[in-house]
Amino acid sequence: MTISPNLSPDCGNCFALCCTALGFSRSADFAIDKPAASPCPNMAGDFSCTIHQSLRPRGFSGCTVFDCFGAGQVVSQQTFSGISWTQDPSSMSSMFAVFKIVRQLHEMLWYLAEAGERTFDPDLAAAADQLSEGIAAAAQGDAATVLAADVVSLHGEVRALLMEVSDEVRASYGAEDQQTVDGGVRAGADLVGANLANRRLCGADLRSAYLIGANLRGSDLTAADLLGADLRGAQLQGADLSKALYLTQPQINAAEGAPTTLIPTRLTSPAHW
Ligand code: SF4
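Predicted model only: the values in this text are computed from it and were never measured.

A. Quick peek at the overall build of the protein chain. Helix and strand counts for the protein chain come out as eight helices and zero strands. Put simply, the protein chain runs from its N terminus to its C terminus through helices and strands in the order α-α-α-α-α-α-α-α. Over its C-alpha atoms the protein chain spans a radius of gyration of 19 Å, differing by no more than 12% from the 19 Å that the globule rule assigns to 273 residues. When the backbone C-alpha atoms are referred to their principal axes, the protein chain occupies close to 60 × 45 × 25 Å. Taking all 273 residues of the protein chain together, 49% fall into the buried category. Looking at the protein chain alone, contacts between residues at least 24 apart form 47% of all its contacts between residues at least 6 apart. Of the roughly 12,700 Å² that the protein chain leaves accessible, carbon and sulfur atoms contribute 53%. In the protein chain, which carries 17 positive and 29 negative side-chain charges, the distance between the mean positions of the two groups comes to 9 Å.

B. Region of the structure containing the site of the ligand. Taken together, C19, F24, C40, N42, M43, C49, I51, L55, F60 and C63 make up the full set of residues adjacent to the ligand. Per-class residue counts for the shell around the ligand are nine nonpolar, one polar and no charged.

C. Expanded view of the nonpolar core. Grouped together as the largest cluster of nonpolar side chains are 76 residues, with contacts concentrated most on L17, I135, L206, L211, L226 and L236. Looking at this core, the elements with two or more residues in it are α2 (71–79), α3 (92–118), α4 (122–139), α5 (143–147) and α6 (151–171). If you count residues domain by domain, this core takes at least three from each of domain 1 (11–22 + 66–169) and domain 2 (174–273). Once residues lying within four places of it in the same chain are set aside, the contact partners of L236 are L216, L241, I252, A255, E256, G257, T261 and W273. Listed in part, the five residues of the second largest apolar core include F24, F30, I51 and L55.

D. Up close: the packing of α2 against α3. The interhelical angle for the contact between α2 and α3, taken along N-to-C directions, is 130°, at an axis separation of 9 Å. Compared by their axis directions, α2 and α3 come out oblique. For the pair α2 and α3, the sense of crossing is right-handed. Contacts from A71, G72, V74, V75 and T79 in α2 reach M95, V98, F99, V102, R103 and H106 in α3. Along the lines of polarity and charge, the residues of the contact of α2 with α3 split into seven nonpolar, three polar and one charged.

E. Molecular detail of unusual backbone geometry. Phi angles above zero are rare outside glycine, and S208 is one such case at about 60°. Here S208 is to be found in the loop between α7 (178–182) and α8 (249–254). The class for S208 is partly exposed, based on a relative accessible area of 32%. Residues other than glycine seldom take positive phi values, yet A223 does so here, at roughly 60°.

F. The arrangement of the domain arrangement of the protein chain in detail. If you check the domain split of the protein chain, you get domain 1 (11–22 + 66–169) and domain 2 (174–273). Centre-to-centre separation of domain 1 and domain 2, based on C-alpha positions: 25 Å. On the side of domain 2, 16 residues touch domain 1, which itself brings 17 residues to the contact. Each partner contributes to the roughly 1,400 Å² buried at the junction of domain 1 and domain 2, and carbon and sulfur atoms together form 57% of this total. On the domain 1 side of the interface with domain 2, the three residues burying the most area are W110, Y111 and E114, jointly 36% of the side's total. At the boundary of domain 1 and domain 2, one finds one salt bridge. Ionic pairing is found between R266 and E114, a salt bridge with its closest N-O pair at 3.3 Å. Scanning the region where domain 1 abuts domain 2 turns up eight residue pairs in polar contact (both at pLDDT 80 or more). Listed by contribution, the elements that provide at least two residues to the side of domain 1 that touches domain 2 are α3 and α6. Broken down by class, the residue content of the side of domain 1 that touches domain 2 amounts to 10 nonpolar, one polar and six charged.

Basis of the calculations
Residues numbered from 1 in each chain as written. Predicted model: local features only at pLDDT ≥ 70, side-chain atom pairs only at ≥ 80, totals over all residues. Heavy atoms only, no water. Helix = DSSP H or I, 4+ residues; strand = E, 2+ residues; numbered from the N terminus. Rg over C-alpha atoms; globule rule 2.2 N^0.38 Å. Buried < 20%, exposed > 50% of the residue type's maximum accessible area, 1.4 Å probe, protein only. Contact = heavy atoms within 4.5 Å. Areas by Shrake-Rupley, 256 points an atom, 1.4 Å probe, with all protein chains shown as cover. Lys, Arg positive; Asp, Glu negative; His and termini not counted. Charge placed at Lys NZ, Arg CZ, Asp CG, Glu CD. Near = heavy atom within 4 Å. Nonpolar A, V, L, I, M, F, W, Y, C, P; charged D, E, K, R; others polar. Core = buried A, V, L, I, M, F, W, Y, C linked by side-chain atoms within 4.5 Å. Domains from an automatic or database assignment. Axes fitted to C-alpha atoms, helices over the stretch in contact; angles between N-to-C directions. Parallel < 35°, antiparallel > 145°, perpendicular 65-115°, else oblique. Left-handed = near helix turned anticlockwise from the far one by under 90°. Buried area = accessible area lost by both parts, 1.4 Å probe. Salt bridge = Lys/Arg side-chain N within 4 Å of Asp/Glu carboxyl O. Polar contact = N/O pair within 3.5 Å; in protein donor to acceptor, adjacent residues only side chain to side chain.

This is how it looks when you write it as structure tokens:
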């Protein structure tokens, strides 16, 4: 039986794969341009970040938002047996390519774990387990196995299951509430800067909605589907997201909150809240 991987980052056991494999462009989130497959100039020789304590004031808020879902340590310590790309430069391109895929696989595992816990239907829970087992096996395989994974097809299967569970869970919270739909609260909606404060958004479908800078202060998002919703700068002070669906650490990291913001127990409050 495949062992479920730890889906939380363990940076101390990673060869700074997010700081090297991935590229970013100069923007509000990154102070510099950095091409993919190149080490960030702020990275130290031991793979730590030399500006870790001051990322936001120095213009690197994007680094505080990113989360690898535990892919970094798996690729560094298991797939490549603890031999870094500095020790063996010939492994660099393969290691970086594997990291990008394992991160996606681990993200799928994160969502499936929640779907399995939230569904009331034992058949759906069993389907989530089965899918997770296959994805975990692919993520824990050797480099060739990981690179051969059909990520697009897996994404499709996972998404279909997540949506089925979402429909089921949201239905018990008034998901068909026409007032919510009429008010512009719907999947993929452009709600940038919208005032949604003190609203009962229970069971709302906010999948892939643009909630950048939206005011959600004091709102109840119990069973609201936030799969892929863009929460950058969203105001979550006093909001209840403790039972929101498919909320991830990067979404929380990108939002603004406070100790009064309720989040799911498996997420942690960002340092800037
Ligand atoms: S600034 Fe620090 S955390 Fe961000 S990519 Fe560079 S080394 Fe990594």
